[in-house]
Amino acid sequence: MSATAVHNLWTMAAADPIDKIDAPKIEYGQLAPTLIVIGAAVIGVLIEAFVPRKSRYYAQLFVSVVALAAAFAAVVALASGGYGTTKARIAAMGAIAVDGPALFLQGTILLAGLVAIFTFAERRLDPVTHGNRIDSFVAQAGAVPGSAGEQAATKAGFTTTEVFPLALFAIGGMLVFPAANDLLTLFIALEVFSLPLYLLCALARRKRLMSQEAAVKYFLLGAFASAFTLFGIALIYGYAGSVSYGTIAKVVDGTLTTVDPALAGTMGNDALLLIGAAMIVMGLLFKVGAVPFHMWTPDVYQGAPTPVTGFMAAATKVAAFGALLRLLYVVLPGLRWDWRPVMWGVAVITMLGGAIVAITQTDIKRLLAYSSIAHAGFILAGVIATTEEGVSSVLFYLGAYSFVTIGAFAVVTLVRDAGGEATHLSKWAGLGRRSPLVAAVFAVFLLAFAGIPLTSGFSGKFAVFKAAAEGGAGALVVVGVISSAIAAFFYIRVIVLMFFSEPKADGPTVAVPSPLTMTTIGVGVAVTLVLGVAPQYFLDLAGQAGVFVR
Amino acid sequence: MSFPLLTATAALPAVGAIATAAVPAARRTAAKWLALFFSLATLVLAVVVLVRFDPDGDRYQLTESRAWISDFGVRYELGVDGIGVALIALTALLIPFIILAGWHDADPLETKSSRWRPTQGFFALILAVEAMVIISFEATDVFLFYIFFEAMLIPMYFLIGGFGDRAHAGSDEKASAQRSYAAVKFLLYNLVGGLIMLAAVIGLYVVAGNFSLQEIAEARANGSLDMATNTERLLFLGFFFAFAVKAPLWPLHTWLPNAMGEATAPVAVLITAVVDKVGTFAMLRFCLQLFPEASKWATPVILVLALISIIYGALLAVGQRDIKRLVAYASISHFGFIILGIFAMTSQGQSGATLYMVNHGLSTAALMLVAGFLISRRGSRLIADYGGVQKVAPVLAGTFLVGGLATLSLPGLAPFVSEFLVLVGAFARYPAVGIIATLGIVLAALYTLVLYQRTMTGPVKPEVSAMPDLRVRELVVVAPLIALLIGLGVYPKPLSELVNPAVKHTMSDVQKKDPKPEVEAAK
């Protein structure tokens, strides 16, 4: 069926009664990555229901890891089968695009999800309590913080193994999000990955009130953003008479002018287009954490369990930027003279805002949150380029950034004192003296965030700035460079604290993690250095993946 | 393909850095010897480069070229001209002395946890800086240069912030705060400079489409790459700003006294004699070649800034109470001379500036390292705490005097030749500038001799009465430096023959479109 299939179903129905609905044609092979992950998530739910409590952790971990690895293998198979380039197509009756950007981003999300799952499963950081090893998640989410019920749950050694299927559902939604080829699929994917994240945020074992507060904030603001997006989708439908990306793009370009009789009053009304597009973009900018839609970021990053923060900071950003790219490049290129100035403004205040506010932070997780805002600004600079280089530079940046982020948050989980993770910056003083290796690794991540050469952060920053400069946004590059300088200040401050301050007597200790977290951190460091020193292969990959299918 | 000599010269200290860092905590002395071995091996390679280089041959020799990041138009391109060879030799020569002079600087004060290995870290960082400095002297790809120009800041930062003088052992808290302030100031100044340069690097790519210095310079020279006047000026300013922070030029100099004051003497030498040379070297290599018109456009302002550096640095040096900060301000004055020589746009001036880079490295190393030995004996950086040292430690005082005389460019010592050439070169084109710059020499005599007089002569202060003279290790450091200062002062010909052809190339880059007849050509 054609790209306008969904729309045609509607209009046909108005004309004459349906006597036979064609069975939808689903290309299972091309949708395999998503299907594997969602299927595994369903299996995860069944495990929760039927497998004995003692075995659930291992069963869940096994299913998650196998599913993510298999899905990644499927992505690689599709990409090497040419679906990223020559055989790029639109699958699932116009709902899902299988093309270079989609596959690249899905691969990134799956790998990031895989290493993040390792930190979810980490159970060696806390001391053994009541004879049970415990992880970062609450014993029983339903128990009121500080209540007898909570103590009983802890004593009984409960663990919230539901985090694994929740994470898988979130990853499943994220896989669809950047590949969505119509607005309804976009919205459904948005909800599918957001709802599990809201829940995951509330599940911290320590500082539970903060964690729940974070979840409520995230949920409320996220619901607002979703509502905006949905309203925008409705307006766009009114404008174009379709939710399919291809059709809307044609209407925007003016190549398709058939007026639907039912929508004769609204179709082609530019006010609907502009307001609708603005609202959808707003919803996406909320998810990437761009100023002025960033208010949730610091609170949620701080309150959520740190493994979840790392996962969310990396994978959500990848998925949301993917969706934003597709929307701006596939649906709204005809409108670029309208959205580019707005995005310019958003990029500038995001870069500067994130970098400036980060200076005053005293909590490492909040600091990383503001740093992620600044990075969203850098990525937006690449988005604005509206060239193929722009797309591939953003893809590369997202890949590089997600591994630095997950690695950095994984290190944060290691630094602990009696109250759990010691996230206040003053407690990190002198860490370099106590644990040179952990401090050095964290310093590598900070230097990558700061964009120092020979790290992936520099390659990525150079790629987006180059694309922006070539796309005629030289001024944006200058702002980017200035905010990089501001941002460098606070990354350096943390390094100063770790290496040049005397350790405090009651300072935190560094827990020795299991091979799981070590793998996460190791992968983070390896990717950071490889993409810094020899990025060519991955730049090629991103370059080949730079074309959207329409 | 022939043996990649330049890569090897840069890679050897990097390998040494990793090897040194990997030495177990308890084997401190082994780490020191290992670092010294690698620095000496690098010196051997540098000598091979020096011998293999033919001053009258091609402009860039021993070139290497490999694909690296083709998406960014970046190639791994190395090549040296006479200026690069001279500075590589200087770097490779100074590092063993720096390592020897800092032999005990990083011994842990008390045995802390077994995983804390400051000694290994100190020497590994020095070697890492050496590797990065050498590769930036070799890079003929702008991007490659930029990467190491920036990356060098990180090990430098840890050297400044992590290893202080034993002078302040008493007030540890305050000293450590001052030190990390100095380190952060160093890093931020240079990082901001570097990031502004990054914008210009990207701009250059947008204009030129690749990063190859030779290709761009050639295209600029034969007119196939035309830059709009404003574009060229903006790009020039972006590059120059970064180099002027590094060099450092007034008013971007304020990080240097902090950094040199708080760092140990060997690290201070590393900063001023080695790392900062990358800034002045890059002005010659990148600013003048890539942006000849803009360089000429900016010359008047830069000359004024250089003059201010010369006079202001010297005046502040006169007023210092702290020996290391005095040397730092003297260095600012000397960097003023170097930049003056570069932008005088005469071949004497630029030859002088290049020689000056080498000679300033040697003379500052001699003065600063001896000052470091002095300070380590008394535990104070303040001039007022010393007096009559020459009676108790005559060799120390004598070497200090020679280093000081070299700093004030006494005839017969190497810096005289270069300072004279710079002044002549400047005078030939801008007489007024030459005359004002000469004031710097007078002031140099003042601050050096007053320093010597106050610390070394007069009645012996009770605190210094038991001061031991230079030890064998310290003599091994100082004697060759002094020998070189005298040798190059008496017979500078080999060095000037090495750099002159390179300077002629640079001059022709700049003067190609200059309607003004060359002044010395008329003579």
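Heads up: these notes are all about the structure in this document. (Residues numbered from 1 in each chain as written. Chains lettered and ligands numbered in written order. Predicted model: local features only at pLDDT ≥ 70, side-chain atom pairs only at ≥ 80, totals over all residues.)

### Section: the pairing of strand β1 (residues 61-69) of chain B
Residue and element names in this part refer to chain B. Here β1 runs beside strand β2 (residues 74-80); their pairing, made up of six bridges, is antiparallel. Bridged to Q61 within β2 is V80. Between the antiparallel neighbours β1 and β2 lie four residues, among them G73 with a positive phi of about 70°. (Pairing = 2+ DSSP bridges. Helix = DSSP H or I, 4+ residues; strand = E, 2+ residues; numbered from the N terminus.)

### Some remarks on unusual backbone geometry
Following V291(A), the chain continues to P292(A) via a peptide bond in cis, the omega torsion being 5°. Checked against the element boundaries, P292(A) lands in the loop between α10 (270-288) and α11 (296-303). The linkage connecting A247(B) with the following residue, P248(B), adopts the cis geometry, with an omega of -15°. When you line up the elements, P248(B) lands in the loop between α9 (229-246) and α10 (255-262). Even without being a glycine, K207(A) presents a positive backbone phi close to 50°. Phi is positive for L454(A), close to 75°, though the residue is something other than glycine. Following the sequence through the fold, L454(A) ends up in the loop between α17 (436-450) and α18 (456-470).

### Thoughts on the environment of A88(A)
Residues and elements named next belong to chain A. As for its placement among the helices and strands, A88 is situated in the loop between α3 (53-80) and β1 (89-91). A88 sits in the buried class, given 20 other C-beta atoms within 10 Å. Along the primary structure A88 and A223 are separated by 135 residues, whereas in three dimensions their C-alpha atoms are 33 Å apart. Excluding residues within four positions of it along the chain, A88 makes contact with Y83, V98, D99, G100 and V549. (Buried ≥ 20, exposed ≤ 12 C-beta atoms within 10 Å, placed from the backbone. Contact = placed C-beta atoms within 7 Å.)

### Remarks on the interface of chain B and chain A
Taken residue by residue, the interface counts 33 residues in chain B and 30 residues in chain A. Broken down by secondary-structure element, the contributors of at least two residues to the side of chain B that touches chain A are β1, α5 (142-151), α6 (153-162) and α7 (172-208) of chain B. If you tally residues by element for the side of chain B that touches chain A, the top one is α7(B), at 17 residues. For the side of chain B that touches chain A, the residue count by class is 21 nonpolar, seven polar and five charged. (Nonpolar A, V, L, I, M, F, W, Y, C, P; charged D, E, K, R; others polar.)

### So, the packing of helix α6 (residues 163-176) of chain A against helix α7 (residues 183-201) of chain A
Residue and element names in this part refer to chain A. The geometry of α6 relative to α7 is characterised by a closest axis approach of 8 Å and an angle of 155° between their N-to-C directions. One element, α6, and the other, α7, form an angle in the roughly antiparallel class. Taken as a pair, α6 and α7 cross one another with a handedness that is left-handed. Side by side, α6 and α7 meet where V163, L166, A167, F169, A170, G172, G173, M174 and V176 of the first sit next to T185, A189, V192, F193, P196, L197, L199 and L200 of the second. Here the contact of α6 with α7 is built from residues that sort into 14 nonpolar, three polar and no charged. (Axes fitted to C-alpha atoms, helices over the stretch in contact; angles between N-to-C directions. Parallel < 35°, antiparallel > 145°, perpendicular 65-115°, else oblique. Left-handed = near helix turned anticlockwise from the far one by under 90°.)

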